[in-house]
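Geometric and topological summary
These are the residues of each chain, in order.
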Amino acid sequence: MYDKARRGLRLRVKSSASEEENHIIREPSNGSDGRYPLGRLSGHHICRSLYLPPFSPIALIVSFACFALLTAYILAIHMHLPEPILVESEKTVGGRERFIAGRAARHLSDLTALGPRPTGSRENEELAARQLERKAREFARAASPVHRVEVDVQHPSGSFPLRFLDGLTNVYHNVQNVIVRISPADADKRSPYSLLVNCHFDTVADSPGASDDGASCAIMMEILRVITQSNRPVTHSLILLFNGAEENLMQASHGFITKHPWAKDIQVFINLEACGAGGREILFQAGPGQPWILTAYAESVPHPYASSLAQEIFESGIIPGDTDFRIFRDFGNISGLDFAWSSNGYVYHTSLDAAAAVPAGTLQRTGDNILALVRHLTSSPELAHSKKDNHARSKAGQPVYFDILGIGVVRWPMVAGDAISFASIAGAIISVVSFGLVRSRDQGLAFRVSIRELGLCILVQLGSCLLSLVAATLISTSLSLLGRTMSWFARPIWIGVLYVIPTLLTQLLLILVVAKWQKKVLGMVWTVFWKYFDAALILWSALLAVTVVFRLRSGYVICAWVLFPAIVSYLLRLIPGLRDLRDWRWLMLYLALLVPPFVITSYLVVGVLSLFIPIMGRIGSATNPDAIVAVLTVVPYSLILTYMTPLVVLVRRPGVVLTVLGSVFALGFALICLTPLGFPYSGDARAPAPLRIMMIHSERKFHDIQGNVRRHETGYWLVDMDHNSPDVLRNKRPDLLNGAVPVEGDCAEELYCGMPYLMPVLTFIWKTHWIPGPPISLYSNDTTLELLSREFLPNGGIRLTFNATGPDHMGLMLSPVHGVELKGWKLMLPDESETEPLSGPQWNGRETYFVYYGRASSSQPWIFSLDLKFLGGRKAGSFPHVIDVGLTGHLMHGHHKVSPEFRAYIKRFPEWTVVTAWTASYKSWYF
């Protein structure tokens, strides 16, 4: 058409055209379309590769395969552990000064041989505590003369609010701590400052607690041996706290840090925890403030593994757990470091958490690290001055830190991070303007056309990320409908097939479709490629700016994807010799320069997935874990691929690439849906991935306003721990769930659904089941609540005083009626002063309060009082009752924990399940 011809030059690429054969660009009659005339190029020969894709599809497939292999290598690094030192060989390695994993393994074996150790059990309060105290005193007697070693046993009581979970108040009585203090024997050389190292020796019900947290206590015991046998005196005191009530929501650590006389000297702490059995311990919380502690860690530990991204993830609350770090930080006003193992989280808090599940290499690695860190901190002059910036808790005061493949730790203050980020953004913007816009104009592409095409590329890159999430959502929904949710649980490799490959396919397809039209405007395939590259650079720069604005320390990951690609741009678009490369050398150089940010990101993704995959087995049935894993996978990889997928425009016959990727996905999806390879659980003792089942033989008794029993029933309360429960059991073993009904009906009428909840987690409450069952034949310490007094207060309120009796684990649930407010309480009469109640979630439009009570010894009653205020000038007689009260009692240890009938029922569950069971009661009253 004449009007198109007059609008300017069309750069045509036809396989049979003479212009293409001669590589000639013809001069247009004018430049009225907004392009600049190319008369000066008329008759010049242009390289054919500027117009035709230079690479074969095999090159792109191999490139993607290489990055997949690089990910596998990163996974191997993540799983690597040092060779453990055994007791037999300690003399050849200087065992007096070295951490010996074989000795720590013996301590761990001795501790776990006692069995599960819930707070209040004989195994915890007598056997474990005495064992730890005895070993500590043995090391104290054998200590070098340069040391003064003191051993103390503490039995604190108290209460404190805890905003963990859905909010609760913690009350504890007579919990136990075994404490060791090492200081110089010479009184003149003693420092008034101390370093605290903490572990806990108690466990949840049914678990030997080898990793959580017996192994940490075993490591601390071996560190005690090494330090006390060494002839090098410590500069500052070292306090080792073996606490006996962490699983009771961190009660013993609170008792120590708020009530023990040694606590006032502590300047810095190290907390050792676990949410998995073995692997590498990660430093996942540091601070608040005190950047010198990170420096000490970076300079001293031989095997670093740390991430400020992990800290931001943990602080966000999406991980269902907490540690004593919170207690020392919030109630002791101390800064510290929090370490935890995360690998093999399948055995966490189960009967599978035995000593054999903890590799000796894990003990060696963690022991080497913590021993080196302890020696560094106890001799550090900064320890004496650490409190002066102890309150620097703002994000601006927190450092950025991460390790590089376990080789070393990189850290810098937020200010330095901002400077690096701004420099990277500036370099990226200059690159885009200089090469993507100004040079395009010099080559004959109008500025407005160049801007328009760049904007289109940005939209395509954004759209491909969003479409990847849509594709992942469709896949996860399809798997749910087909009954194949969590197919990756026992075989994590399926994550790559289900979510990474579709992400890659989606982005390749969208870019190919749009680039087909862009080639008609931009002409050269290399121009199209660099437009998409610039678009990715702009997107990553925008993300980096967001992390700076919101003070996110995880921004260093984003910064890597701005800094290194900007270097790519300058090298390949500016340097003569490199600028004209159009063959495999260009591709290798381009991909090599993307390896550093890919390694940094994949290293983190591998760590995050290794943590979160087992967690998906205990997040409750209300959440679809495939959706979570899809997001954790698709979001990082859809962004990572923004620099790689544009390579498809440089590939001849890209359909081959799509066919290969599509075939791999289709085959994997078919195997998941049609074969046992898609079954999510495994009972293999060497690599367990069990379905978790929490089942409580329960008695429920509800009273009316007159105090008469209005409802009484017994049965099994099945707490569904993951999305497949209980459907997978119904499909495989329907006989186990006869009569099971959801509890939603009770939730509309009864406080906390009328179920004996141990802790307030609403995400679990709604999706649980009740199975009618036999009466409880073995039951001791019956749970009762007695109203001792009703006292009217001068302010128009009322004080109710109660006496609660029952087992050593109880829960109190309160909900004042409309028009009544809970103004104050004394939760441990007469010891504790009145405190302000911490409210929990709304329940049917009313405030609720949850109090968790733990007792380590003695059977003294729990006496407490509630102060209620009437609102709107109303009197007590205006209400039929003023408060709903629920009281639970949990029998979590001893021979009465489960009845013979209950035990026989549990044994019928398949080998790919692991059952945690105890007996409990729920009773409710109106007062």
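Here the structure is shown first, and the text comes after it.
Below, the structure is looked at part by part. (Residues numbered from 1 in each chain as written. Predicted model: local features only at pLDDT ≥ 70, side-chain atom pairs only at ≥ 80, totals over all residues. Heavy atoms only, no water.)

Focus on the state of the cysteines
Formally, a disulfide is one covalent bond, and it connects the sulfur atom of one cysteine to the sulfur atom of another. Counted only if it meets this: Defined by distance alone, a disulfide is two cysteine sulfur atoms within 2.5 Å. We call a residue buried when its accessible area falls under 20% of the maximum for its residue type, exposed when it is over 50%, and partly exposed in between, using a 1.4 Å probe and counting protein chains only.
Within the structure shown, the criterion is met by two disulfides. The disulfide bridge from C747 ends at C753, spanning 1.9 Å between sulfur atoms. Torsion about the S-S bond of the C747 and C753 cystine: about 95 degrees, corresponding to right-handed handedness. Relative accessible area serves as the criterion here: at 3%, C747 is assigned to the buried category. Classification of C753 by relative accessible area gives buried; the value is 1%. No disulfide involves C559; its sulfur sits 19 Å from the nearest other cysteine sulfur, which is in C465.

Focus on the packing of helix 12 (residues 414-442) against helix 13 (residues 447-481)
Note the threshold: Structural elements are reduced to axes, namely lines fitted to C-alpha atoms, with helices fitted over the stretch in contact, and the angle between N-to-C directions of any two is expressed from 0 to 180 degrees. The numbering of helices and of strands both runs from the N terminus, where a helix is a DSSP run of H or I of at least 4 residues and a strand a run of E of at least 2. Orientation labels follow simple angle bins: below 35 degrees gives roughly parallel, above 145 gives roughly antiparallel, 65 to 115 gives roughly perpendicular, and whatever is left gives oblique. By definition, residues are in contact when any of their heavy atoms lie within 4.5 Å. Classification used: nonpolar for Ala, Val, Leu, Ile, Met, Phe, Trp, Tyr, Cys and Pro, charged for Asp, Glu, Lys and Arg, polar for all others including Gly.
Between helix 12 and helix 13, the shortest axis-to-axis distance is 8 Å and the interhelical angle comes to 130 degrees. In terms of their interaxial angle, helix 12 and helix 13 are classed as oblique. Each of V432, G436, L437 and S440 in helix 12 lies in contact with helix 13, whose residues at this interface are F447, S450, I451 and L454. For the contact of helix 12 with helix 13, the class distribution of residues is five nonpolar, three polar and no charged.

Thoughts on the environment of L127
Mapping L127 onto the fold places it in helix 5 (residues 122-141). You can call L127 partly exposed: its relative accessible area is 28%. In this structure the C-alpha to C-alpha distance between L127 and Y853, which are 726 residues apart in sequence, comes to 23 Å. Setting aside chain neighbours within four positions, we find L127 in contact with L114 and R122.

Thoughts on a nonpolar patch on the surface
Here is the rule: What makes a patch is a set of residues exposed beyond 30% relative accessible area and free of salt bridges, joined within 9 Å when like-charged and within 5 Å when nonpolar (Val, Leu, Ile, Met, Phe, Trp, Tyr). Every accessible area reported is derived by Shrake-Rupley at a probe size of 1.4 Å, with residue values counting cover from the shown protein chains alone. Note on definitions: salt bridges are taken to be side-chain nitrogens of Lys or Arg within 4 Å of carboxyl oxygens of Asp or Glu.
Together, L466, L469, V631 and V635 give the surface a local cluster of nonpolar side chains, amounting to about 310 Å² of exposed area. Going through the elements one at a time, helix 13 and helix 18 (625-640) are the ones with two or more residues in the nonpolar patch. Inspection of the secondary structure assignment puts L466 in helix 13. We classify L466 as exposed; its relative accessible area is 55%.

Overview of empty space enclosed by the protein
Spelled out, the test is: In the cavity and pocket records, a cavity denotes points on a 1 Å grid over the protein atoms alone where a 1.4 Å probe fits but cannot get out, a pocket denotes an open set with protein on both sides within 12 Å along at least 5 of 7 lines, and lining residues are residues with an atom within 4 Å of a point. Grid points are joined across faces, edges and corners, and a volume is the space filled by probe spheres set on the points.
In this structure the tally under the stated criterion is three cavities of 30 Å³ or more. Estimates place the volume of the largest cavity at around 110 Å³. Breaking the lining of the largest cavity down by element, the ones donating at least two residues are helix 12, helix 15 (525-549) and helix 16 (555-574). For the lining of the largest cavity, the class distribution of residues is seven nonpolar, four polar and two charged.

Comments concerning the nonpolar core
For the record, the criterion: Take the buried Ala, Val, Leu, Ile, Met, Phe, Trp, Tyr and Cys residues and link them wherever side-chain atoms come within 4.5 Å; each set so joined is a nonpolar core.
Counting residues in hydrophobic clusters, the biggest one holds 136 residues, and the most contacted among them are W488, Y499, W586, Y590 and M695. Here the element with the most residues in this core is helix 17 (residues 584-615); it accounts for 19 residues. If near-sequence neighbours (up to four positions away) are discounted, M695 is found in contact with Y716, W717, L718, I771, F902, Y905, F909, V915, T916, A917 and W918.

So, the sheet that holds strand 13 (residues 709-720)
Stated precisely, the cut-off is as follows: Here, a strand pair is defined by DSSP locating no fewer than two bridges between the strands.
With mixed pairing, the ten strands of this open sheet are ordered in space as 2-3-20-18-22-23-12-13-15-14. Taken across any chain shown, the strands that pair with only one partner, and hence form the sheet edges, are strand 2 (158-162) and strand 14 (741-742).

Some details on helix 18
Defined as follows: Multiplying 1.5 Å by the helix residue count minus one yields the expected span of that helix.
Compared with the 22 Å implied by 1.5 Å per residue over 16 residues, the 23 Å span of helix 18 between its first and last C-alpha is a close match. For helix 18, the full list of buried residues reads P625, D626, V629, A630, T633, V634, P636, Y637, S638 and I640. Buried positions along helix 18 lie against helix 3 (57-79), helix 13, helix 14 (493-522), helix 15, helix 16 and helix 17.

Here's the deal with the side chain of T485
Summarising the element assignment, T485 is placed in the loop between helix 13 and helix 14. Each residue touching T485, except ones within four places of it in the same chain, is listed here: L479, S480, N624, P625, D626, P680, H723 and N724.

Comments concerning the sheet that holds strand 19 (residues 820-826)
If you trace the four strands from one edge of the open sheet to the other, you get 16-17-21-19, paired in antiparallel fashion. Strands with a single pairing partner mark the edges of an open sheet, and in this sheet they are strand 16 (784-792) and strand 19. On average, adjacent strands in this sheet sit at an angle of 25 degrees to one another, irrespective of strand direction. Inspection of the sheet shows strand 16 paired to strand 17 (residues 797-805) by eight bridges, in the antiparallel sense. Bridge pairing links S789 to T801 in strand 17.

A closer look at the pattern of salt bridges
Oppositely charged side chains may form a pair once their charged atoms are brought near each other. Under the definition given, this model contains 33 salt bridges. Across the pair E97 and R232 runs a salt bridge, and its minimum N-O distance is 3.3 Å. Of this pair, E97 sits in the loop between helix 3 and helix 4 (101-112) while R232 sits in the loop between helix 6 (210-229) and strand 6 (237-243); the two residues are 135 residues apart in sequence, bridging distant segments of the chain. R711 serves as the salt-bridge partner of D746, at 3.0 Å between the closest nitrogen and oxygen. With D746 in helix 21 (residues 744-747) and R711 in strand 13, the pair connects residues that are 35 residues apart, well separated along the chain. For D746, a relative accessible area of 14% puts it in the buried group. Salt bridges sharing common partners tie together R700, R710, R711, E713, D746 and E750.

Some thoughts on unusual backbone geometry
With an omega dihedral of 10 degrees, the bond running from D212 to D213 counts as a cis peptide bond. You can see D213 is positioned in helix 6. Cis geometry is adopted by the peptide bond preceding P288, which originates at G287 and carries an omega value of 0 degrees. Structurally, the position occupied by P288 is in the loop between strand 8 (281-287) and helix 8 (291-300). Positive phi, normally seen in glycine, also occurs at N344, with a value near 55 degrees. Position of N344 among the secondary structure elements: in the loop between strand 9 (335-341) and helix 11 (360-378). A positive phi angle is found at Y752, which is not glycine, with a value near 50 degrees. Checked against the element boundaries, Y752 lands in the loop between helix 21 and helix 22 (762-765). On the basis of relative accessible area, Y752 is assigned to the buried category, the value being 0%.

Some thoughts on the environment of E281
Quick note on the threshold: Nitrogen and oxygen atoms within 3.5 Å of one another constitute a polar contact, given that in protein one can donate a hydrogen and the other can accept it, and given that sequence-neighbouring residues count only through two side-chain atoms.
The residue E281 is located in strand 8 in this model. By relative accessible area, which is 1% here, E281 ends up buried. Residues E281 and D808 lie 527 residues apart in sequence; the distance between their C-alpha atoms is 33 Å. Among residues more than four places away in sequence, those in contact with E281 are H303, Y305, F339, A340, W341, R365, T366 and N369. For E281, the side chain forms a polar contact with the side chain of T366, separated by 2.9 Å. A polar contact of 2.5 Å, which involves the side chain of E281, links it to the side chain of N369.

A look at the side chain of R280
Quick reminder of the rule: Only four residue types enter the tally: Lys and Arg on the positive side, Asp and Glu on the negative side; His and the chain ends are excluded.
Examined against the element boundaries, R280 turns out to sit in the loop between strand 7 (266-274) and strand 8. For the buried R280, no salt bridge is present, and the opposite-charge side chain at shortest range is D403, 4.5 Å distant. A distance of 3.3 Å separates a polar side-chain atom of R280 from the backbone oxygen of H78. Polar side-chain contacts of R280 include one of 3.0 Å to the side chain of Y603. Discounting residues that sit within four places of it in the chain, R280 has contacts with I77, H78, H80, L81, P304, Y305, A340, W341, S342, R365, G406 and Y603.

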